[in-house]
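# Architecture at a glance
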Amino acid sequence: MTSLQEFSSSLKGQVTTEGDAGYDIKRWAKNAVRKAKYVVYPMDAEDVSKAILFAKANKLDLAICGGGHGSSGASSTEGGVVIDLGKKMNGVRIDEEKKLAYVQGGALWGSVDEASMKYGLVALGGVVSHTGVGGLTTGGGYGWLTGQHGLVVDNLVSATVVTANGDVLTASDTENTDLFWAIRGGGSNFGPVTEFVYRLHEQRAEIYFAEMIFLPDKVPQIANEIEEWSKTQSAETALHLVFAAGPGGRPCVVLMGMHNGSLEEGEARFENFAALGPLLNKSRQMPYPEINNAQESPFVNHAAEHGQNRLFKGAFVPEFDKELLSRIKLAREKMVTDYPATAQSAIIIEFYNSEKVRSVPLEATAYAGRHGNRNLCLALSWTDESLTPHVRQISKDVVASIIPRETGEYGNLSDGETLEGGAEKSVALFGVNYPRLASIKKRYDPENVFRKWYNIIPA
Ligand SMILES: Cc1cc2nc3c(=O)[nH]c(=O)nc-3n(C[C@H](O)[C@H](O)[C@H](O)COP(=O)(O)OP(=O)(O)OC[C@H]3O[C@@H](n4cnc5c(N)ncnc54)[C@H](O)[C@@H]3O)c2cc1C
């Protein structure tokens, strides 16, 4: 299928080009936008298959877009074809009896929460409701309930994948098992996933949410308390510390914590933080899904807002040392002094109980970050476009000043370096799982059509 007309008229969905109504290349991060030649909005897996064959026949670069939240540009293409699942393939269906969610590849986590919580059920999803299921799942997937239920990939029961030759395949523990292994961490390397089937868990309606804002001079006390708190952190309890600009632009540390239990239990688990004297304490009980809108709080200056310049850079923190928080504070202060246009940036450290994640053997799925105990994320934000060519180096320097040795990173916080080079970074990311990924890649995508994100070179 080479002609645009033939392709377009064969679709149930739509193909658009610049100037057409509906042509949309916006992404969550402004810097991730590229001018695609065609943006395709498929209705189903068959449309997706046709789009892949059209791009291949015309030798056009191909990108898959789910929720559009990747800051690296991996879901965009300059001059190629975007298969954008977000517009028309974003449905969610719940099977209450089997406790399964059937979720289309372009859905957002908020839609999954909304549909499943009607039945008192929940999927393990990300912490921001408007993030896409597509990238977050295929790259691994952490969320507030990781302590209890593990990674998103650990809760994936099956998936429908459209491969490079246009085949629509089911991948599960019993069908195309190698493909199923590969998509649980291997990202967009194996083709668009048009449907994910997730295992659901019973979930209480209300949870405890801790939200406290501290001035930076409390960092040493917070560090002492984190050390103590970590010793008895239960699977039901999680915490994020966000070093950011608070209201009025003053640096602050926001503690966001959750306990998947009653108000009283939650208060008991976080009382020592409350005793440190936060500037503001808005801890409360709230309906579970609301916690996934908390990053939109004015406390953190709407940290997850769409349409800003953003670049993520991650690093695993194998062990918590008490100086870590001071290093984060200093690194952010130095960055903002050196580059005032980065003042809205945040540095986040996530404290999930990692036992469940570690209980799955490293080679059981392609995801290779199971050694990471705590996860650091620099969410770099900048207002001065002249800084854009330098942000990758800035983000590397900032993270290196916090965690000086190489500890690996979570692939979904990719800074996009891999979009321009060979497999070196992918080999480092996937470690022992890389050779198997490369041989599965050869089987399903021998021409390396899906080469965005951390590219895996066919063996
Ligand atoms: C505000 C915010 C909050 C976040 N919170 C979390 C969190 O709580 N936990 C966590 O683990 N990560 C989190 N992340 C990181 C997140 O996992 C990545 O940004 C992820 O790439 C987002 O997926 P997406 O579908 O929205 O992105 P996109 O930009 O659409 O895609 C990113 C990558 O995934 C691929 N992709 C997307 N959909 C599909 C699909 N259906 N099939 C195959 N490949 C696909 C794309 O091709 C691209 O390579 C967050 C990111 C942001 C911006």
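Residues numbered from 1 in each chain as written. Predicted model: local features only at pLDDT ≥ 70, side-chain atom pairs only at ≥ 80, totals over all residues. Heavy atoms only, no water.

## Focus: the overall build of the chain
To be explicit about the condition: Only runs of H or I of at least four residues qualify as helices and only runs of E of at least two qualify as strands under DSSP, and these elements are numbered from the N terminus. The size measure is the radius of gyration over C-alpha atoms, and the globule rule it meets is 2.2 Å times the number of residues to the 0.38 power. Exposure classes here rest on a 1.4 Å probe applied to the protein chains alone. A residue is buried below 20% of its type maximum, exposed above 50%, and partly exposed in between. Under the convention used here, a 1.4 Å probe and the Shrake-Rupley method define accessible areas, while residue burial counts only the protein chains that appear.
Secondary structure summary: the chain contains 13 helices and 19 strands in total. Taking 459 residues into account, the globule formula puts the C-alpha radius of gyration at 23 Å, and the chain, at 21 Å, falls close to it. A principal-axis box enclosing the C-alpha atoms of the chain has dimensions of 65 × 55 × 45 Å. Here the chain holds 459 residues, and the buried ones make up 59% of them. Of the roughly 17,900 Å² that the chain leaves accessible, carbon and sulfur atoms contribute 50%.

## Here we look at the domain arrangement of the chain
The line we're drawing: Domain extents, as shown, originate in an automatic or database domain assignment. In this description, contact between two residues means that some pair of their heavy atoms is separated by no more than 4.5 Å. The working definition used for a salt bridge is a side-chain nitrogen of Lys or Arg within 4 Å of a carboxyl oxygen of Asp or Glu. Any N or O atom pair separated by 3.5 Å or less is treated as a polar contact, with the protein-specific requirement of one donor-capable and one acceptor-capable atom, and with residues adjacent in sequence counted only for side-chain atom pairs. Basically, the charged four are Asp, Glu, Lys and Arg, the nonpolar ten are Ala, Val, Leu, Ile, Met, Phe, Trp, Tyr, Cys and Pro, and anything else, Gly included, counts as polar.
What the domain assignment lists for the chain is domain 1 (4-84), domain 2 (92-203) and domain 3 (206-413). The distance between the C-alpha centroids of domain 1 and domain 2 comes to 22 Å. Counting residues at the interface gives 13 residues for domain 1, matched by 17 residues for domain 2. Inspection of the domain 1/domain 2 interface yields zero salt bridges. At the boundary of domain 1 with domain 2, the tally comes to three residue pairs in polar contact (both at pLDDT 80 or more). Counting residues per element, the side of domain 1 that touches domain 2 draws most heavily on helix 2 (residues 45-57), at six residues. Residues of the side of domain 1 that touches domain 2, tallied by class, amount to eight nonpolar, four polar and one charged.

## Describing the environment of Phe-430
Residue placement: Phe-430 occurs in helix 12 (residues 424-430). Phe-430 sits 168 residues away from Ser-262 along the chain, and the two C-alpha atoms are 39 Å apart. For Phe-430, the residues in contact, after removing those within four places along its chain, are Gly-185, Gly-186, Ala-366, Ala-368, Leu-437, Trp-453, Tyr-454 and Ile-456.

## Focus on the pairing of strand 8 (residues 156-162)
Worth spelling out the cut-off: If DSSP finds at least two bridges between two strands, the strands pair.
In terms of burial, strand 8 is largely enclosed, as six of its seven residues are buried. One ladder, built from five bridges, connects strand 8 with strand 10 (residues 193-199); its direction is antiparallel. Looking across to strand 10, one finds that Val-161 is bridged to Val-193. Taken together, strand 8 and the strand that follows it, strand 9 (residues 168-172), pair antiparallel across an intervening segment of five residues, in which Gly-166 is found at a positive phi of about 90°.

## Details of the pattern of salt bridges
Pairing of side chains with opposite charge becomes possible as their charged atoms draw close. Counted according to the given criterion, the structure contains 21 salt bridges. The closest approach of N and O atoms between Glu-202 and Lys-99, which form a salt bridge, is 2.8 Å. Here Glu-202 is found in strand 11 (residues 201-202), whereas its partner Lys-99 is found in the loop between strand 5 (92-95) and strand 6 (100-104), with 103 residues between them in sequence. In this structure, a network of salt bridges that share partners links the residues Lys-12, Asp-44, Glu-46 and Lys-50.

## Structural notes on the site of the ligand
Stated formally: Whether a residue is near a molecule or strand depends on its heavy atoms: it is near if one of them lies within 4 Å of it.
Surrounding the ligand, one finds 31 residues, the nearest of these being Ile-64, Gly-66, Gly-68, Tyr-142 and Tyr-410. Ser-75 is positioned with one of its side-chain polar atoms (N or O) 2.8 Å from an oxygen atom of the ligand. Tyr-142 places a polar main-chain atom, nitrogen or oxygen, 2.7 Å from a nitrogen atom of the ligand. For the ligand, whose free accessible area comes to 930 Å², the fraction covered by protein is 96%. Of all the secondary-structure elements, those providing two or more residues to the shell around the ligand are strand 3 (62-65) and helix 4 (133-138).

## Concerning the packing of aromatic side chains
Each aromatic ring pair is summarised here by two numbers: the centre-to-centre distance and the angle between the ring planes. Rules: Here a Phe, Tyr or Trp ring, Trp counted by its six-membered ring, pairs with any other such ring whose centre lies within 6.5 Å, and the pair is stacked when the planes are under 30 degrees apart, edge-to-face when over 60, and tilted otherwise. Lysine and arginine charges are scored as sitting over a ring when NZ or CZ, respectively, is within 6 Å of the ring centre and within 35 degrees of the ring normal.
Tallying each qualifying case throughout the model produces 16 aromatic pairs. When the ring of Tyr-142 is compared with that of Tyr-367, the centres are 6.3 Å apart and the planes differ by 75°; the resulting orientation is edge-to-face. Separated by 225 residues along the polypeptide, Tyr-142 in the loop between helix 4 and helix 5 (146-149) and Tyr-367 in the loop between helix 10 (355-358) and strand 19 (374-382) bring together distant segments of the chain. Assigned by exposure class, Tyr-142 and Tyr-367 land together as buried. Members of the aromatic cluster, each reached through a chain of ring pairs, are Tyr-142, Tyr-352, Tyr-367 and Tyr-410. Lying over the aromatic face of Tyr-102, Arg-93 brings its terminal NZ or CZ to 4.1 Å of the ring centre. Directly above the ring of Phe-190 sits Lys-441, whose terminal nitrogen or CZ lies 6.0 Å from the centroid.

## Some remarks on the UniProt feature "domain: FAD-binding PCMH-type" (unreviewed entry) in the chain
Under the convention used in this document: UniProt positions are given in the numbering used here, feature names are shortened, and annotations may be inferred rather than shown by experiment.
The residues that UniProt annotates with the feature "domain: FAD-binding PCMH-type" (unreviewed entry) are residues 31-203. The span residues 31-203 carries 23% helix and 25% strand; its end-to-end C-alpha distance comes to 37 Å.

## What about the packing of helix 7 (residues 219-231) against helix 9 (residues 324-338)?
Selection criterion: In this description, a line fitted to the C-alpha atoms serves as the axis of each element, helices being fitted only across the stretch in contact, and the angle between N-to-C directions of two axes falls anywhere from 0 to 180 degrees. Crossings are assigned a handedness: left-handed for a near helix turned anticlockwise from the far helix by less than a right angle, right-handed for a clockwise turn.
Between helix 7 and helix 9, the shortest axis-to-axis distance is 8 Å and the interhelical angle comes to 145°. Crossing of helix 7 over helix 9 shows right-handed handedness. In this structure, helix 7 uses Val-219, Ile-222, Ala-223 and Ile-226 to contact helix 9, whose residues at the interface are Leu-325, Ser-326 and Lys-329. Its residues assigned to classes, the contact of helix 7 with helix 9 comprises five nonpolar, one polar and one charged.

## Some words on helix 8 (residues 263-274)
Going by this rule: Expected span of a helix: the number of residues minus one, times 1.5 Å. This arc corresponds to the set of directions leading from the helix axis out to the C-beta atoms.
The end-to-end C-alpha distance of helix 8, which contains twelve residues, comes to just 14 Å, noticeably less than the 16 Å that a straight helix rising 1.5 Å per residue would cover. All of the buried residues along helix 8 are Gly-266, Phe-270 and Phe-273. For helix 8, the buried positions fall inside an angular range of 5° around the axis, keeping them on one side. Contact partners of the buried residues in helix 8: strand 12 (206-214), helix 7, strand 13 (237-245) and strand 14 (251-259).

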